[in-house]
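A look at the structure
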Amino acid sequence: MGFNENASSLCGHLFFEYLITIEKLCSTKNKTVTDHLKKRIANYPSSRILVVDDKAGWHSFFKDMFSDADKVDIHCIGEDFNKLEFEDIEKRIVDEVNDFEPHVIILDFRLMEDKDAEIRDDKRQISGYRVLAKVLKGSYKKPPGSFGRQVIIFTATSRIENILLLKEGNADGFILKEKPEKYQGKQITKDAISKMVATLERALERAEFLIRLNGKINELNATSLGIEPKLSDT
């Protein structure tokens, strides 16, 4: 996708690093494939995307991914989350959402990797799910200030029970990480990247419509109650 070929610069966490370290897409006949994806990304609508992940390497990946998308403003937080308590993480995310007002949030399933790895029984205690259900989405009947923002879960898990749990928490979509040790071939990697680009495209389209719609509904509800409406993104 046109990233720097020095994969080590991304601390070994580069998503789909095989495109660079094995396939060398930037300098082979497959360049037309990555050019096509880069054009799709460059055509993303004016929007704000928040990446919440505890690995700084993923922050570098997404910043590189959107480097040519002039209309996309991207913020990344979470590289210190593994050192914090959940309450501190919760506050950091709430503050960032309120200040940045993202259209799409890319949320890692395991924000506190060491502590999350110890959870065996109640997967609802995994940090990413708690942030999703408690902080970002809540009940579908009354999302707490989300105004239609799309939350896309960024995860290496494909276990059906985890996916169903996250859907129960009102996740709006999923991007599956491809682990280097589970690399299954070049075509599968290309297809996965194409699906990721398409997932974000759809999320931005939904957010643009829903944020405006829910903002108007909020204004109407507030007016009917005689209170000052909460301002929403326009």
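Let me begin by describing the structure that accompanies this report. Predicted model only: the values in this text are computed from it and were never measured.

What counts, and at which threshold
- Residues numbered from 1 in each chain as written.
- Predicted model: local features only at pLDDT ≥ 70, side-chain atom pairs only at ≥ 80, totals over all residues.
- Heavy atoms only, no water.
- Helix = DSSP H or I, 4+ residues; strand = E, 2+ residues; numbered from the N terminus.
- Areas by Shrake-Rupley, 256 points an atom, 1.4 Å probe, with all protein chains shown as cover.
- Salt bridge = Lys/Arg side-chain N within 4 Å of Asp/Glu carboxyl O.
- Phe/Tyr/Trp six-rings, centres within 6.5 Å; stacked < 30°, edge-to-face > 60°.
- Buried < 20%, exposed > 50% of the residue type's maximum accessible area, 1.4 Å probe, protein only.
- Lys NZ or Arg CZ within 6 Å of the ring centre and 35° of its normal.
- Pairing = 2+ DSSP bridges.
- Axes fitted to C-alpha atoms, helices over the stretch in contact; angles between N-to-C directions.
- Contact = heavy atoms within 4.5 Å.
- Arc of directions from axis to C-beta.
- Expected span 1.5 Å × (residues − 1).
- Core = buried A, V, L, I, M, F, W, Y, C linked by side-chain atoms within 4.5 Å.

When helices and strands are tallied, the protein shows eight helices and five strands. Counting helices and strands in the order they occur from the N terminus, the protein gives α-α-β-α-β-α-β-α-α-β-α-β-α. Total accessible area on the protein is roughly 12400 Å²; 50% of this is exposed by carbon and sulfur atoms.

Scanning the model with the defined rule gives eight salt bridges in all. Residues Asp54 and Lys55 are paired through a salt bridge, measuring 3.6 Å at the closest nitrogen-oxygen approach. One salt bridge connects Lys91 with Asp95, and the closest N-O pair in it is separated by 2.7 Å. Of the two residues, Lys91 and Asp95 both sit in helix α4 (residues 86–100), four residues apart, roughly one turn of that helix.

This brings us to the packing of aromatic side chains. All told, the structure shown has five aromatic pairs when counted by the stated rule. With a centroid separation of 5.0 Å and 75° between ring planes, the pair formed by Phe61 and Phe62 is classed as edge-to-face. The pair Phe61 / Phe62 is uniform in exposure class, with both members buried. Look at Phe62 and Phe154: their rings are 5.3 Å apart centre to centre, the planes differ by 70°, and that puts the pair in the edge-to-face class. With Phe62 in helix α3 (residues 56–65) and Phe154 in strand β4 (residues 150–155), this pair connects stretches of sequence that are 92 residues apart. Accessibility classification places Phe62 together with Phe154 in one group, the buried group. Linked through ring pairs, Trp58, Phe61, Phe62 and Phe154 together constitute an aromatic cluster. The residue whose ring lies beneath Arg130 is Phe86, and the NZ or CZ to ring-centre distance is 3.8 Å.

One open sheet accounts for five strands, arranged β2-β1-β3-β4-β5; its pairing is parallel. Each having just a single partner strand, β2 (72–77) and β5 (173–176) make up the two edges of the open sheet. Sheet twist, expressed as the mean angle between neighbouring strand axes with direction ignored, is 20°. One ladder, built from four bridges, connects β4 with β5; its direction is parallel. Residue pairing for β5: Phe154 is matched across the bridge by Ile175. With respect to the sheet, α3 is in contact with β1 (47–52), β2, β3 (104–108) and β4, its orientation differing from that of β2 by roughly 175°. Across the face of the sheet, α4 comes into contact with β1, β2 and β3 while running at roughly 165° to β2.

To continue, consider helix α7 (residues 160–168). Every buried residue of α7 is accounted for by Asn162, Ile163, Leu165 and Leu166. Viewed end-on, α7 has its buried residues packed into an arc of 160°, placing them on one side of the element. Projecting away from the buried face of α7 at angles above 90 degrees are the exposed residues Ile160 and Leu164. Looking at the buried positions of α7, the neighbouring elements they touch are α6 (127–136), β4 and β5. At the C-terminal side of α7, Asn170 shows a positive phi close to 75°.

Looking now at α4. For α4, with 15 residues, the first-to-last C-alpha span of 21 Å sits near the 21 Å given by 1.5 Å per residue. Buried residues of α4: Phe86, Ile89, Glu90, Ile93, Glu96, Val97 and Phe100, and no others. Across the axial projection of α4, the buried residues extend over an arc of 135°, all falling on one side. For α4, exposure combined with an orientation more than 90 degrees from the buried face picks out Glu87, Lys91 and Asp99. Just downstream of α4, Glu101 is the residue with a positive phi angle, here 50°.

Turning our attention to the nonpolar core. Membership of the largest hydrophobic core comes to 27 residues, with the highest contact counts inside it found for Val52, Ile93, Leu107 and Leu136. Every element with two or more residues in this core is listed here: β1, α4, β3, α6, β4 and α7. Residue contacts for Leu107: discarding those within four places in its chain leaves Val52, Gly128, Val131, Leu132, Leu136, Val151, Ile152, Ile153 and Phe154.

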